[in-house]
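Tertiary structure, described
Chain by chain, the residues run as shown.
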Amino acid sequence: MATSDTSLVKSQPKSSVSFFYDERVRNFFYQTITAGTFAWLVWYLFTNTAHNLEVRGMNSGFGFLFQTAGFDTDFKLIEYTVGTGTYGRIFFVGVLNTLFVSSIAIVLSTVIGFFVGVLRLSTNWLISLLALTYVEILRNVPLLIQIIFWYLGVFALLPKVKQSADFLGIAFLNNRGLYVPSPVPGDLFWMTMTAFVVAVVAAFMLRRWARRRQEQTGQQFPAFWAGIGIIVTLTGVVYLATGMPLSWDIAALQGFNYQGGFALPPSFLALLVSLTIYHSAHMAEAVRAGILSVSKGQTEAANAIGLKPGKVMALVIIPQAMLAIVPPMISTWMNVVKNSSLAVAIGYSDVVALFMQTSLNQSGYAIEIVAITMLFYMTISLTISFFMNIYNKRVQLRER
Amino acid sequence: MVETTTETTEAETPGQLASAASSDVIILLNHVNKWFGEFHVLRDINLSITRGERIVVCGPSGSGKSTLIRCINRLEEHQEGDIIVDGMELGSDLKNLDQIRSEVGMVFQSFNLFPHLTVLENLTLAPIWVRKVPKIEANEAAMAYLERVKIPEQADKYPGQLSGGQQQRVAIARSLCMNPKIMLFDEPTSALDPEMIKEVLEVMVELAATGMTMIVVTHEMGFAKTVADRVIFMDFGEIIEVNEPHQFFNNPQSDRTKLFLSQILHN
Amino acid sequence: MAEAIHTGEIRPPPTVQGTWFAWLRDNLFSSWVNTLLTFGALYIIYFAVSGVWAWGITNAVWEAENRRVCFDINPDGACWAGVLAWFDNFIWGRYPRGEMWRINLGALLIVVWMVPIWLPGVKDKIYVGFSTVFLYPFLGFFLFAGGEKGLFLQVMLSLAIVVLIGNTLNGYHGVRSGRSLPEVVIAGLGMKASSDKVQRKTLLAIFAAAFALVFWAQMGWVLVSVEWNLWGGLFLTLVISGIGIAFALPGGIVLAMGRRSQLPVIRILCTGFIEVFRSVPLITILFMATTMFPLFLPEGFTLNKLVQVIVAVCLFNACYMAEVVRAGLQAIPRGQYEAAMAMGLGYWKMMGLIIMPQALKFMIPNIVGNFIGLLKDTTLVSIIGLFDVLNMLKAVSQDVPWRGLHKEPLVVGAALFFVICFAMSKYSRHLEETLGGGTQR
């Protein structure tokens, strides 16, 4: 064993290690300075704000959420009446409106985006060129210009009420909006909903059973279609058995306007269309890049072991492409939610327009309102990236 | 559970101590322990290396040999024990650390040349910016080292334009430009094509002949046999056996050493 | 007996290859499906192009006093007359017509300043970039805002002008003879043999003399002050995005390095800051700036709306840039960090000499992409009432003679942005290929 004879050490004894060159001292010093400066900054802003609020006679605190908001909104998914509705309720109206337009836009833009992305890779040069033009035009023009263009240029040119476009007699399109039938659930409708949920669970369990069976016996079972069949049959049977407890409220022309049904204002339609096609372009690029990222050797190897083209796509190409597609796809989804805030430019009542603009102007509780709204968006973004991190960790290719 | 053997004849007896003091122990590791999270990667390492000594460290992958030499220039931090380099203790004292790093040169398995600088600029970077040597002097010294590693004509090329063997020789010259007292080699030839290993080993042999203190982690047993003063075998984070090459290869004491030698000498 | 080895003759291939006919066949008509698709696509293209052509060119009205007249002449065509009448506003906002030359001069000067980056043979291009970012704003501010010059502004203005002249001469000599300006001056004075120190002192003296000369000259320059609320149109858009990108790069580097720091306090603060700004829409940041900044400042201290917006945009973009920088830093192999550390370079020298120069090469295409995004995002300031190019486009339809003219200005605006952004993204893709390929080993 080597000796621990420190008499061979030429430097000074431990206690006089130079203080300012000690790594730990320096780290502590840097961090204290940063924390201190930050704390001072926060204190400085805080005192200024408190003083300014006092000078202007503005109030603070979150009690305003229970006061009545004195304005109405033209589009709401939940109950809200002027005069009794509170600011808190208006916030929820706005949140639901934001989520409503965002979720439909996300679904549609993903579908269209996949479609266009695959078209970009078509062997037909013209088709690929058309897809390229679509993508490039949409990506290089600012979204706000597109939104305003759709709103002013297109939807303002919709026909007058009396000359509404008529879709099979159940939906009507005019310059006041799109009127679609709204579902009116009857008393026993909850049974149908329960049946639906049960059927979905059953379909998943069927898939698991089929996969296990394949592992053990090698036999394949069309679990996907069987599952769809179960969902449709079970839900349908219960629906019919309970006497079809779903009626539809179809809009009808009464006087100068349509009453009933579900009215989607032109601002909603313009926002939905522009968000959908703008983000479909980004989605198309992500899909294209993802499919291209799978090396050609994969297709060749899969063919060499005798897989048919359909199975090659499903088992080899698409799973690997999805690895590359999912992160930018999810970030595009987040952008849809964030960009829905541009509703404020065309008067759709999303959370920014209702809460951050109108409510703020009316009530004056600037800091609280700004904080709540930003917290809303942060929650959504962070939730989505949290789930994306989990997904990423699970599907990363295990490397040595 | 360290099976040390002939290493005990090194710095144990008073006579050896005295001669060690006079021949200058330049690196001293004393009960050094290191963990990577829960993994105990270096277990009670005790080692003293004298000035001018050539040490080869070998062992299976994961044995901690790279971690050991990376602790010596604090690319890794040890949690327990003392490491004393040229009389200065390796700890959280930043001044000592800078001093130690400028005296200890390191050659990496993946060369780590700076791709955005020419070969000459790679060599003169540290002398200019750390030792504050004027540019003309630095260039002259750099060219001298390039001649020593036999590639002076590559001075104005970029690392990407050189072969692996040439890049590693540039890396060695780059470390030498700081006039280090100790040179650490972390598997210098493992990333090279076989036909280039020889040119790098030749440079290392020539360097050893000048009396440089060298610690080399390698699988090149030929180098160990011809150049090393001592060979250290590590396994699972411990030093299993230390001996001079002839004894080590012909008369290994521990079973684990025997197993390792049988595996690598078969190739 | 050796048999004669019978080699076949070299013959052309049996089918036609490589001609336009072959290309058509392979790309457009390779199968029945493809042929149908081709005809379908051709029909769509014809339909779209002819429609747009008819509206925009054939039936368009180029001269009219107002929209009514446009309608009378041709109701099916675009009324470009309104766009032409407002064109000045689109570009220069409501800047006084007699002073518009100042904006044009400012634009010309920044182009002249930055051109050497793309010229071959010019040395030290990175200093061109630095000087543009740090000195041009003073020159620009003086030209665009005019008015009283404080001492600080005068000093920086003179400095900027001297550097601009030096930069241009440097570029000229770089292209002409591959030498830098200092080299040319030293050679011209016949001082090549003198020591480094003497050379440096001479150059410094010349610089100081030039500076004094310019300072004395500019004292007499007076420009009419133009209020910031007259700044508008594309000019304002470029000012906001220019300042935004100029701040975002150093800001992003600081935030990214802070995020990677080993010190927990710094790391948490930087990560928190970045995540907050990246998870909320820009419009909320702009609203926050205009409603809350006045509350944050001590009494009596006011910021005009333009400054509030610029601060908000800078902070917002710095966070996105921080992610670009982080990706660039992560692309550098760990071995580079280790080699630099092993040489005893220390943290700041390691970052400045080894890591950052390599990372910037990876980052440049993404930086350009970031700038394109910023340019498009600047249109959001129209919502809070600044008269950027989008607000100018919308204002046309509010103008009495052009009531209701919505589509034509928006189409022009869209086309303008399309041209600028498309060109820049093509350039960025070109950069990605030339820079990314070179660093691969």
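One can find the structure itself at the top, above this paragraph.
Bear in mind that the values here come from a model prediction, so they are computed numbers and not experimental data.

Counting from both sides, the interface comprises 52 residues of chain A and, opposite them, 53 residues of chain C. When chain A packs against chain C, the two sides together hide about 4700 Å² of surface, and 75% of this comes from carbon and sulfur. For the chain A face of the interface with chain C, the top three residues by lost area are Q31(A), N140(A) and I145(A), together amounting to 12%. Here chain A and chain C share one salt bridge between them. Residue assignment for the side of chain A that touches chain C shows that the elements contributing at least two residues are helix 1 (23-56), helix 3 (125-140), helix 4 (143-154), helix 10 (351-363) and helix 11 (366-395) of chain A.

On the surface, a cluster of nonpolar side chains totalling about 550 Å² of accessible area is made up of F167(A), L168(A), I170(A), W248(A) and I250(A). Along the chain, the position of I250(A) falls in the loop between strand 5 (246-249) and strand 6 (252-254).

A few words on the side chain of T124(B). Residue and element names in this part refer to chain B. Its place among the elements puts T124 in helix 4 (residues 119-129). Classification of T124 by relative accessible area gives buried; the value is 6%. Here T124 is in contact with A138, N139 and A142, once residues within four sequence places are set aside.

Attention now moves to the packing of aromatic side chains. Where two aromatic rings form a pair, the distance of their centres and the angle of their planes describe that pair. According to the stated counting rule, one finds 30 aromatic pairs over all chains in the structure shown. Look at F100(A) and F268(A): their rings are 5.3 Å apart centre to centre, the planes differ by 20 degrees, and that puts the pair in the stacked class. With F100(A) in helix 2 (residues 87-120) and F268(A) in helix 7 (residues 266-293), the pair connects residues that are 168 residues apart, well separated along the chain. Put simply, the rings of F91(A), F92(A), F355(A), F376(A) and Y377(A) touch in pairs and so form one group of aromatic residues. R174(B) extends its terminal NZ or CZ atom over the ring of F114(B), reaching a point 4.6 Å from the ring centre. Just above the ring of Y320(C) sits the side chain of R278(C); from NZ or CZ to the centre is 5.3 Å.

Another point: the packing of helix 6 (residues 125-145) of chain C against helix 7 (residues 151-177) of chain C. All names here are of chain C. Orientation of helix 6 relative to helix 7, taken along the N-to-C sense of each, is 130 degrees, at an axis distance of 8 Å. Of the possible angle classes, the one that applies to helix 6 and helix 7 is oblique. The interaxial crossing formed by helix 6 with helix 7 has left-handed handedness. Contacts between helix 6 and helix 7 involve V128, S131, L135, F138, L139, F141 and F142 from the first element and F152, L153, M156, L157, L159, A160, I161, V163, L164 and N167 from the second. A class-by-class count of the residues in the contact of helix 6 with helix 7 yields 15 nonpolar, two polar and no charged.

This part is about the pairing of strand 3 (residues 54-58) of chain B. Residue and element names in this part refer to chain B. Among the five residues that make up strand 3, four are buried, leaving the element largely enclosed by the rest of the structure. Pairing between strand 3 and strand 8 (residues 213-217): four bridges, direction parallel. If you follow R54 over to strand 8, its bridge partner there is M214. Where strand 3 meets strand 9 (residues 230-235), four bridges bridge the pair, whose relative direction is parallel. Among the inter-strand pairings, V57 is bridged to a residue of strand 9, identified as I232.

Calculation rules
Residues numbered from 1 in each chain as written. Chains lettered and ligands numbered in written order. Predicted model: local features only at pLDDT ≥ 70, side-chain atom pairs only at ≥ 80, totals over all residues. Heavy atoms only, no water. Contact = heavy atoms within 4.5 Å. Buried area = accessible area lost by both parts, 1.4 Å probe. Salt bridge = Lys/Arg side-chain N within 4 Å of Asp/Glu carboxyl O. Helix = DSSP H or I, 4+ residues; strand = E, 2+ residues; numbered from the N terminus. Patch = residues over 30% accessible without salt bridge, like charges linked within 9 Å, V, L, I, M, F, W, Y side chains within 5 Å. Areas by Shrake-Rupley, 256 points an atom, 1.4 Å probe, with all protein chains shown as cover. Buried < 20%, exposed > 50% of the residue type's maximum accessible area, 1.4 Å probe, protein only. Phe/Tyr/Trp six-rings, centres within 6.5 Å; stacked < 30°, edge-to-face > 60°. Lys NZ or Arg CZ within 6 Å of the ring centre and 35° of its normal. Axes fitted to C-alpha atoms, helices over the stretch in contact; angles between N-to-C directions. Parallel < 35°, antiparallel > 145°, perpendicular 65-115°, else oblique. Left-handed = near helix turned anticlockwise from the far one by under 90°. Nonpolar A, V, L, I, M, F, W, Y, C, P; charged D, E, K, R; others polar. Pairing = 2+ DSSP bridges.

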